[in-house]
Amino acid sequence: VTQDLIAVDTPAPEHINLASLDYWASATLESDFALLRADHPVTWHEHPDSGRGFWSVVRHQDIAEIANDPATFSNRDGARINHDPEMNVVRPATGTLLELDPPQHTRYRKLFSKKFTPRAVARFEDAIRARVVSLIDGVADKGRCEFVHDVAAPLPLHVICDIVGVPDDETRAWIFEMADRTVAENDPEIGGGAEGGSEAALALKEYGERLAAERATDLKDDLLSALLAMQGQEGGDALADRQIKDLFALLVAAGNETTRNSVSHGLRAFTLFPEAREQLLTRPELRWTMADEVVRWATPVLHMRRTITRDVVFRGVEMKAGQKLALWNFSGNRDDRAIDDPERFDITRDPNRLQSFGGGGPHFCLGTNLARLEIVVLFEELFKALPDIRVVGEPTSVRSNLIRGIREMQVEFSPRG
Ligand code: HEM
């Protein structure tokens, strides 16, 4: 037993410690998770970086089963593995959908989901396209750029701000910084640890609360106003009120890094698999299966955490009430028991049993349709304007076992004449 790995019951191979952040910097993720899936489907990992130890679940079917059993595997202590209740950490999602269990969750999820159906998000398409075109215009003459900063990161942030109703001014740069700090809190160059992340989350929540208060007296044509109006008609309660105030922080945290990293990893995949770009250019009807494959390939959210509510035996392993458990979506997405030839980036894959949006069950990503639309519009416009855009060199990664984040990624293309 090394200092990095205190094994209990079902030890993982010594070089794999999913709780240690240094492990993630050097990880050979594809082969390590393949080894876990084959021989160690349920393992225990422990390291000071991630607080108390936790169970790891890596097979597609096991992830789906647990995600669909919220009574045994609860979200009430959060969806990130690194936090323990005694740390008193505020996360953007604290008190929101992502940290509620049924039946409360069911009620508020219903309130929001009407606003995220394919038809409801289709009305944002023109605004998304205008934003995408203006970001591309900003770099098109240069022949090269840093893709994350110039294109991938601003897009989802602006889209969420447009939808919720945040004014288009310097506030957005501030929101951007807060969102980065809380989601990537464990990267010393971005966040300030759990404490810094907590402060940033609180700042986002306070901002959301102010915005909701402003809208309450001055309804506009945005999501916040629509929810406030709906709540007014339905006779809301204190928790519903909390959901609306916290909605902004939740959406920023859930929709920002995720979509950003999908398009960055996606462009990298289109660079590594040129035939996929050819397919998309010649068969534009593949754009929706392309979006799902990009998100599968990227797996922007590496894990989702659950907390065990009662002593339970899962796949022959005894788990105790109160213990943490990580569902490794990344591994589910590479499991050949569920996905054919998972190492291949295949934009024609249909059906695509991706687990990037979760393993199913009540918390399945609310923003799926919006994320898909953003990805479709981005690649349509990008390859139209800069058909030979490609990644050069190796991207740098965010230090995290929560997000599979690309911090910087250089790209080159023939400048637009
Ligand atoms: C490709 C981009 C995205 C990925 C990979 C992603 C991934 C996820 C994952 C893994 C979950 C948790 C699922 C579970 O535990 O079962 C989730 C939940 C959620 N996502 Fe996304 N997401 C993305 C984009 C978005 C966007 C654009 C929004 C909204 C603007 C959004 C809003 C949410 C919300 C509100 C939840 C919580 C749902 C609940 O607990 O009921 N996501 N997402």
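On a predicted model such as this, the values are computed, not experimentally measured, just so you know.

### With respect to the overall build of the protein
In step 1: When its secondary structure is counted, the protein shows 16 helices and twelve strands.
In step 2: Radius of gyration (C-alpha) of the protein: 21 Å, near the 22 Å computed for a compact globule of 417 residues.
In step 3: In terms of overall dimensions, the protein has C-alpha extents of about 60 × 55 × 40 Å along its principal axes.
In step 4: A buried classification covers 57% of the 417 residues belonging to the protein.
In step 5: Considering only residue pairs separated by 6 or more positions, the protein has 72% of its internal contacts joining residues 24 or more positions apart.
In step 6: Surface exposure of the protein reaches about 17000 Å², of which carbon and sulfur atoms provide 52%.
In step 7: The averaged location of the 66 negative side-chain charges in the protein is 4 Å from the averaged location of its 49 positive side-chain charges.

### What about the packing of aromatic side chains?
In step 1: Within the structure shown, the criterion is met by 17 aromatic pairs.
In step 2: On the numbers, 5.7 Å between centres and 65° between planes, the contact of W297 with F345 is edge-to-face. Residue W297 is found in helix α14 (residues 287-298), and its partner F345 is found in the loop between α15 (329-332) and α16 (368-385); the two are separated by 48 residues along the sequence. Of the two residues, W297 and F345, both sit in the buried class.
In step 3: An aromatic cluster of at least three residues, connected via ring pairs, comprises F270, F273, W297, F345, F379 and F383.
In step 4: The aromatic ring of W297 is capped on one face by R334, whose charged end is 5.1 Å from the ring centroid.

### Remarks on the coordination of the iron atom of the ligand
In step 1: Protein coordination of the iron atom of the ligand is limited to a single donor, C365 (SG), which sits 2.3 Å from the metal.
In step 2: Along the chain, the position of C365 falls in the loop between α15 and α16.

### Some details on the environment of T289
In step 1: Within the secondary structure layout, T289 lies in helix α14.
In step 2: Separated by 72 residues in sequence, T289 and G361 place their C-alpha atoms 22 Å apart.

### Quick word on the pairing of strand β2 (residues 54-57)
Note on strand geometry: in a regular strand, side chains alternate between the two faces of the sheet.
In step 1: Alternating positions in β2 separate into two faces, F54 and S56 on one and W55 and V57 on the other, with burial throughout.
In step 2: Pairing of strand β1 (residues 42-45) with β2, which is carried by four bridges, proceeds in the antiparallel orientation. Bridge pairing in β2 links T43 to S56.
In step 3: Bridge count between β2 and strand β8 (residues 324-328): four bridges; the pairing is parallel. Within β8, the position partnered with V57 by the bridge is L327.

### Here's the deal with the confidence of the model for the protein
In step 1: Of the residues in the protein, 97% have a pLDDT of 70 or more, and the chain-wide mean is 92.
In step 2: Note that residues 1-8 has pLDDT below 50 and, in this model, 19 contacts with residues that lie over four places away or in other chains.

### Regarding the site of the ligand
In step 1: Lining the immediate environment of the ligand, one finds 28 residues, of which H105, R109, R306, H363 and C365 sit closest.
In step 2: At 2.7 Å, a side-chain N or O of H105 approaches an oxygen atom of the ligand.
In step 3: One nitrogen or oxygen atom from the side chain of R306 is found 2.9 Å from an oxygen atom belonging to the ligand.
In step 4: Elements with a contribution of two residues or more to the shell around the ligand: α4 (104-113), α12 (238-272), β5 (303-308) and α16.
In step 5: Top contributing element to the shell around the ligand by residue count: α12, with seven residues.
In step 6: Considering only residue class, the shell around the ligand consists of 16 nonpolar, ten polar and two charged.

### Notes on the sheet that holds strand β4 (residues 144-146)
In step 1: Strand order in the open sheet formed by three strands is β4-β12-β9, with antiparallel pairing between adjacent strands. The strands lining the two open edges of the sheet, one partner per strand, are β4 and β9 (390-391).
In step 2: Sheet analysis places β4 next to strand β12 (residues 410-412), joined by three bridges and oriented antiparallel. Within β12, the position partnered with C145 by the bridge is V411.

### Quick look at the nonpolar core
Generally speaking, soluble globular proteins have nonpolar side chains that are buried together.
In step 1: One finds F147, L267, F270, F379 and L382 to be the most contacted residues of the largest nonpolar core, which totals 86 residues.
In step 2: Top contributing element to this core by residue count: α12, with twelve residues.
In step 3: Residues contacting F270, with those up to four places away along its chain left out, are A276, R277, L280, M290, V294, F345, I347, F379 and F383.
In step 4: Core analysis: the second largest hydrophobic core is formed by 16 residues, L18, A19, L29 and L36 among them.

### With respect to the sheet that holds β2
In step 1: Taken in spatial order, the five strands line up as β1-β2-β8-β5-β3 in an open sheet, and their pairing is mixed. Sheet topology places β1 and β3 (73-74) at the edges, where each strand pairs with a single neighbour.
In step 2: The strands touched by helix α3 (residues 60-67) are β2, β3, β5 and β8; relative to β8, the strand with the most contacts, the crossing angle is about 130°.

### Some details on the pattern of salt bridges
In step 1: Within the structure shown, the criterion is met by 44 salt bridges.
In step 2: Put simply, R129 and E381 hold a salt bridge, and the shortest N to O gap is 2.7 Å. Of this pair, R129 sits in helix α6 (residues 125-139) while E381 is found in helix α16, placing the two residues 252 residues apart along the sequence.
In step 3: Overall, E381 belongs to the buried group, its relative accessible area being 9%.
In step 4: With a shortest N-O distance of 3.9 Å, D218 and K220 are connected by a salt bridge.
In step 5: Classification of D218 as partly exposed rests on a relative accessible area of 40%.
In step 6: A single network of salt bridges, built from pairs that share partners, joins E125, R129, R287, E380, E381 and K384.

The rules behind the values
- Residues numbered from 1 in each chain as written.
- Predicted model: local features only at pLDDT ≥ 70, side-chain atom pairs only at ≥ 80, totals over all residues.
- Heavy atoms only, no water.
- Helix = DSSP H or I, 4+ residues; strand = E, 2+ residues; numbered from the N terminus.
- Rg over C-alpha atoms; globule rule 2.2 N^0.38 Å.
- Buried < 20%, exposed > 50% of the residue type's maximum accessible area, 1.4 Å probe, protein only.
- Contact = heavy atoms within 4.5 Å.
- Areas by Shrake-Rupley, 256 points an atom, 1.4 Å probe, with all protein chains shown as cover.
- Lys, Arg positive; Asp, Glu negative; His and termini not counted.
- Charge placed at Lys NZ, Arg CZ, Asp CG, Glu CD.
- Phe/Tyr/Trp six-rings, centres within 6.5 Å; stacked < 30°, edge-to-face > 60°.
- Lys NZ or Arg CZ within 6 Å of the ring centre and 35° of its normal.
- Donors = N, O, S within 2.8 Å, 3.2 Å for Na, K, Ca; no water.
- Pairing = 2+ DSSP bridges.
- pLDDT = per-residue confidence, 0-100.
- Near = heavy atom within 4 Å.
- Polar contact = N/O pair within 3.5 Å; in protein donor to acceptor, adjacent residues only side chain to side chain.
- Nonpolar A, V, L, I, M, F, W, Y, C, P; charged D, E, K, R; others polar.
- Core = buried A, V, L, I, M, F, W, Y, C linked by side-chain atoms within 4.5 Å.
- Axes fitted to C-alpha atoms, helices over the stretch in contact; angles between N-to-C directions.
- Salt bridge = Lys/Arg side-chain N within 4 Å of Asp/Glu carboxyl O.

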